[in-house]
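A look at the structure
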Amino acid sequence: MIQEELLIEDKRVDLYSDGKINRTLTLNSLGSITAKQSSYSNTIKLPKTANNIKIFDGLGIVGNTSRMPYNRLKCSYLYNSIPIFSNGYCIIDKVTDKEFEISIYNGIIELSEQIKSSTINDLNKSSLTHNLNISNYQLYVNGNHSIYEDDYNFTYSRNLDFLEREDDDFSFDYNNSYSLNETYPLIKTEFIFNSIFEEAGFQIQGDLFTDTKLYSEFKNEYITLKEGYVIPTPQPITLSVVNENTNSIIVDYTGDTQFTSIDDFVGLNPSSSNSELTFIDTGVTVEYDGFLNMTITPHYNINLGEFLDIRYTNDRIGQAVHYFRLNDNSYDDEPFNLIIDVKSGDTINFDIYSSNEEVNGDGRIDYSIYLEITFSAQSETFYTVSGDTLNLGDIKQTDFVKDVLNRYGLILNKKRNTNIFEVKNIDNLLNDKSDAIDYTSKLISIEEESFTHTYAQQNYFKYKYSDSSDAYYDDFFTLDNKLGASQTTVFTSEFEVFPRRSSKKIHYYNPLLTKEEDEFDANNFIYEASESNQKLVKLTKSDTPEEYFIYFNDLVSVRINEYTNISSLPIPFSQVFDDYYSDFINALESYKAVKCKLELNLFDIHEFDFFQLIYLKQTGKYYYVNKLKYNVASPIAEAEMVEIPY
């Protein structure tokens, strides 16, 4: 006995005995690849039986309070116990005195209906919460766990409004020194794309993640925020304070006309050591990561000599730093401040570098000095950037998914009876003849051939621009289509391209912060977040480590010698056409769509996969399936397929 079953909320509803559910399955029509389509069932009617009324919580009874019409209801369809679909849903459209009218959805439309009213800013952003300090910044940007790995869903960019640079790329060492207060996060496109599917209850897999060429581009793509993020300076915490004096250095020397002298400061007291600072005669070893804040008061007298330089050396870095110069005796007993970044195990030493003064044809140095130093051990603190406060913008989630699909030449399909969506590149699909299914024995007849599609002679892919007169990054592919329009816009991205600068060669200008001097403190800046249209950024790793300095305002600069992020525009559309659409474009040059009748049994229907080509021995050709229409009670299905001409 043939049995048709429709389960709503896991309960079998009553069907009309003479009606079978007609289904039309569609994917992306090859003649209009950017119009993302879906599979779905037509609206059907159910008899208003006692069983159906009960399943719908009394819906249809006068005075009922059923909430069923306001919810998506889980839905499955079986024929002779074979699941035709099992992860769909239905919506009750209306009720009459005799029946219920419902619409059943499954396939791609399950996703689009789920997210149609949501923006990417509605996503759960808690995983973007992070602690920002100089050490963590290295992990987010330059370390082994940054864009080159998969540990973080964000990285950092400098506010480009403050940038002056002459070359075509920007990186994080623009002026060899910059403030972390003038940065903001960039968000990984992959994180947003995956989150859209996951939060809707689905999984996403396929070529975008397994095809090396596709994923090498996708994994390094980021988007800018819609609005900047003001990052205040995190203040360090003082762990301990120790006061120490060095021994006196006394120099009275006569030598050649030109010479210098270097003498080490010694005499620090080991008994002053604590858990953060270990003193030895010649210096101090730190036992923590953070800052060493030192107030240094020189007690000295220069009788002869050009100058004295007080220097320090961190053995981890190895190079002596000339920090404070004494040209005369005016700084005697005057304290100055020195703050350096330190890592546990660093040893800091001090010396005095002096230059002679010529006296009667001889070089003379005559001075005495000792240092009074207050050592303050300070831990590096951080500022917590809350993911919930990051503005990802108002791009619709559906539009974001379409944007990614179109820029990478992808088709989206839902695996039957699962919650898994799969993406496949159109060129990969058209060339995957080894996985094709032979329908030679199932072909009944070819009813129609057609040769028109929606494309023109010039087919544009475009970005948005702040200045529409400078659409410099758009491009088009050409078809020898004399019957088509001269040109058409096939795809316009949701993202804006960085405008070109008339005064600079730099393309990249995206101010998300404004910066003004504090009228009461010229050394202080006031930042305010500003908005800018969102843009795509491609990040790659620099070829060699770069040396530069980063800091928070009012704190010490930290020397960095690491690989950096080189930022650029997304891949140009000309490369998109070559890498992701070239075989598709070739197929359009000899476009032929056929409508045919196929004899398909229930197993054929159950196993049908749009991501497999069809082969027909009658024509000797392979075909991409646009559409399949069937009724499970009939062996005859109607298909619309596009012939692959190569």
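Values in this document were obtained by computation on a predicted structure and should not be read as measured data.

A short note on the overall build of the protein chain
Each helix and strand in the protein chain was counted, giving 10 helices and 45 strands. Across the 646 residues that make up the protein chain, the buried fraction comes to 53%. Contacts in the protein chain between residues at least 24 apart in sequence constitute 75% of all its contacts with a sequence separation of at least 6.

So, the sheet that holds strand β39 (residues 546-551)
The 3 strands are arranged β12-β39-β40 in an open sheet whose pairing can be described as mixed. With partners counted over all chains shown, the strands left at the sheet margins are β12 (177-179) and β40 (558-562), one partner each. Each strand axis lies, on average, 35° off the axis of its neighbour in the sheet, ignoring direction. Relative to β39, β12 runs parallel, the two sharing 3 bridges. Paired with Ser 179 across the two strands is Tyr 551, which belongs to β39.

Observations concerning the packing of aromatic side chains
Each aromatic ring pair is described using two quantities: the centre-to-centre distance and the angle formed by the ring planes. Going through the model one piece at a time under the given rule, you end up with 35 aromatic pairs. For the pair Phe 324 and Tyr 331, a centre-to-centre distance of 5.4 Å together with 85° between the ring planes defines the contact as edge-to-face. An aromatic cluster of three or more residues is present, and its members are Tyr 455, Phe 461, Tyr 463, Tyr 465, Tyr 472, Tyr 473, Phe 477, Phe 491, Phe 573, Phe 577, Tyr 581 and Phe 584. The ring of Phe 307 carries the charged tip of Arg 325 above its face, separated from the ring centre by 3.7 Å. In this structure, Lys 462 is placed above the aromatic ring of Tyr 460, and the distance from its NZ or CZ to the ring centre is 5.5 Å.

Structural notes on the nonpolar core
Generally speaking, soluble globular proteins have nonpolar side chains that are buried together. Residues Ile 187 and Phe 193 are the most contacted members of the largest nonpolar core, which totals 94 residues. With 9 residues, helix α9 (residues 573-589) is the single largest residue contributor to this core. Ignoring anything within four residues of it in the chain, the contact list for Ile 187 reads Leu 128, Asn 153, Phe 154, Ile 192, Glu 221, Tyr 222, Ile 223, Leu 225, Leu 390 and Leu 392. Residues Leu 6, Phe 56, Cys 75 and Leu 598 belong to the second largest nonpolar core, which totals 41 residues.

Quick word on helix α4 (residues 189-199)
Counting buried residues in α4 gives 9 out of 11 residues, a clear majority hidden from the surface. The set of residues buried in α4 consists of Thr 189, Glu 190, Phe 191, Ile 192, Phe 193, Asn 194, Ser 195, Ile 196 and Phe 197. Positive phi appears at Gly 201, one or two residues downstream of α4, with a value of about 95°.

Quick notes on the pairing of strand β45 (residues 636-644)
Side chains on a regular strand alternate between the two faces of the sheet. With 7 bridges joining them, strand β42 (residues 593-599) and β45 adopt antiparallel strand pairing. Each bridged residue has a counterpart across the sheet, and for Leu 598 the counterpart in β45 is Ala 637. Taken together, the 7 bridges between strand β44 (residues 621-631) and β45 define a ladder with antiparallel strand orientation. Counted as the bridge partner of Lys 629 is Glu 638 from β45.

Description of the packing of helix α7 (residues 397-407) against α9
With their axes 10 Å apart at the nearest point, α7 and α9 run at an angle of 75° to one another. Relative to α9, α7 is oriented roughly perpendicular. Residues Leu 405, Asn 406 and Arg 407 of α7 touch α9, and the partners they reach there are Phe 573, Val 576, Tyr 580 and Tyr 581. In the contact of α7 with α9, the residues fall into 5 nonpolar, 1 polar and 1 charged.

Digging into the side chain of Asp 341
Secondary-structure assignment places Asp 341 in strand β24 (residues 336-342). Among buried charged residues, Asp 341 stands out as having no salt bridge; its nearest opposite-charge side chain is Arg 316, 4.1 Å away. Apart from the residues lying within four places of it in its own chain, the contact partners of Asp 341 are Gly 290, Phe 291, Asn 314, Arg 316, Val 556, Ser 557 and Val 558.

Re the pattern of salt bridges
One pass over the full model with this rule turns up 14 salt bridges. One salt bridge connects Asp 351 with Arg 311, and the closest N-O pair in it is separated by 2.9 Å. Residue Asp 351 is found in strand β25 (residues 347-355), and its partner Arg 311 is found in strand β22 (residues 307-314); the two are separated by 40 residues along the sequence. Of the two residues, Asp 351 and Arg 311, both sit in the buried class. The network of salt bridges with shared partners includes Glu 221, Asp 403 and Arg 407.

Re unusual backbone geometry
You will see that Asn 360, though not glycine, has its phi angle at about 55°, which is positive. Turning to its location among the elements, Asn 360 is positioned in the loop between β26 (357-359) and β27 (362-379). Since its relative accessible area comes to 78%, Asn 360 is described here as exposed.

As for the environment of Glu 227
With respect to the secondary-structure elements, Glu 227 resides in the loop between β15 (221-223) and β16 (237-245). C-alpha of Glu 227 to C-alpha of Leu 390: the two residues are 163 residues apart in sequence and 7.8 Å apart in space. When residues no more than four places from it in sequence are discounted, the contact partners of Glu 227 are Asn 391, Leu 512, Ala 529, Ser 530 and Glu 531.

Some thoughts on the environment of Lys 442
Within the secondary structure layout, Lys 442 lies in the loop between β31 (437-438) and β32 (443-450). Sequence separation of Lys 442 and Asn 601 is 159 residues, and the distance between their C-alpha atoms is 9.6 Å. At a separation of 2.9 Å, a polar atom in the side chain of Lys 442 contacts the side chain of Asp 604.

Re α9
Because each turn of an α-helix spans 3.6 residues, side chains separated by three or four positions end up pointing in the same direction. Between the first and last C-alpha of α9 there are merely 19 Å, a value that for 17 residues lags more than 12% behind the 24 Å anticipated at 1.5 Å per step. Bending of α9 peaks at approximately 85° at the position of Tyr 581. If you check which residues of α9 are buried, you get Phe 573, Val 576, Phe 577, Tyr 580, Tyr 581, Phe 584, Ile 585, Ala 587 and Leu 588.

A closer look at the sheet that holds strand β30 (residues 420-425)
The sheet built from 3 strands is open, its strands ordered β14-β30-β29 with mixed pairing. The two strands at the open ends of the sheet, each matched to only one other strand, are β14 (203-206) and β29 (410-414). Pairs of neighbouring strands in the sheet enclose a mean axial angle of 25°, with direction left out of account. The pairing of β14 with β30 spans 4 bridges and is parallel. Considered in β30, the bridge of Gln 203 is made with Ile 420.

A few points about the confidence of the model for the protein chain
In this model, the protein chain carries an average pLDDT of 86, and 89% of its residues clear a pLDDT of 70 or more. Predicted confidence is poor over residues 144-149, with pLDDT under 50, and the contacts of this stretch with residues over four places away or in other chains come to 22 contacts. Residue range residues 160-174 is modelled with pLDDT below 50. Its contacts to residues more than four positions away, or to other chains, number 55 contacts.

Remarks on the packing of α4 against α7
At a minimum axis separation of 10 Å, α4 and α7 run at an interaxial angle of 125°. The orientation of α4 with respect to α7, classified from their angle, is oblique. α4 and α7 meet at a crossing whose hand is left-handed. Across from Thr 189, Ile 192, Phe 193, Ile 196 and Phe 197 in α4, the residues of α7 making contact are Gln 397, Phe 400, Val 401, Val 404 and Leu 405. Taken together, the residues that form the contact of α4 with α7 break down as 8 nonpolar, 2 polar and no charged.

Here is what the cut-offs are and how they apply
Residues numbered from 1 in each chain as written. Predicted model: local features only at pLDDT ≥ 70, side-chain atom pairs only at ≥ 80, totals over all residues. Heavy atoms only, no water. Helix = DSSP H or I, 4+ residues; strand = E, 2+ residues; numbered from the N terminus. Buried < 20%, exposed > 50% of the residue type's maximum accessible area, 1.4 Å probe, protein only. Contact = heavy atoms within 4.5 Å. Pairing = 2+ DSSP bridges. Axes fitted to C-alpha atoms, helices over the stretch in contact; angles between N-to-C directions. Phe/Tyr/Trp six-rings, centres within 6.5 Å; stacked < 30°, edge-to-face > 60°. Lys NZ or Arg CZ within 6 Å of the ring centre and 35° of its normal. Core = buried A, V, L, I, M, F, W, Y, C linked by side-chain atoms within 4.5 Å. Parallel < 35°, antiparallel > 145°, perpendicular 65-115°, else oblique. Nonpolar A, V, L, I, M, F, W, Y, C, P; charged D, E, K, R; others polar. Lys, Arg positive; Asp, Glu negative; His and termini not counted. Salt bridge = Lys/Arg side-chain N within 4 Å of Asp/Glu carboxyl O. Polar contact = N/O pair within 3.5 Å; in protein donor to acceptor, adjacent residues only side chain to side chain. Expected span 1.5 Å × (residues − 1). Bend = angle between axes of the 7 residues up to and from the residue. pLDDT = per-residue confidence, 0-100. Left-handed = near helix turned anticlockwise from the far one by under 90°.

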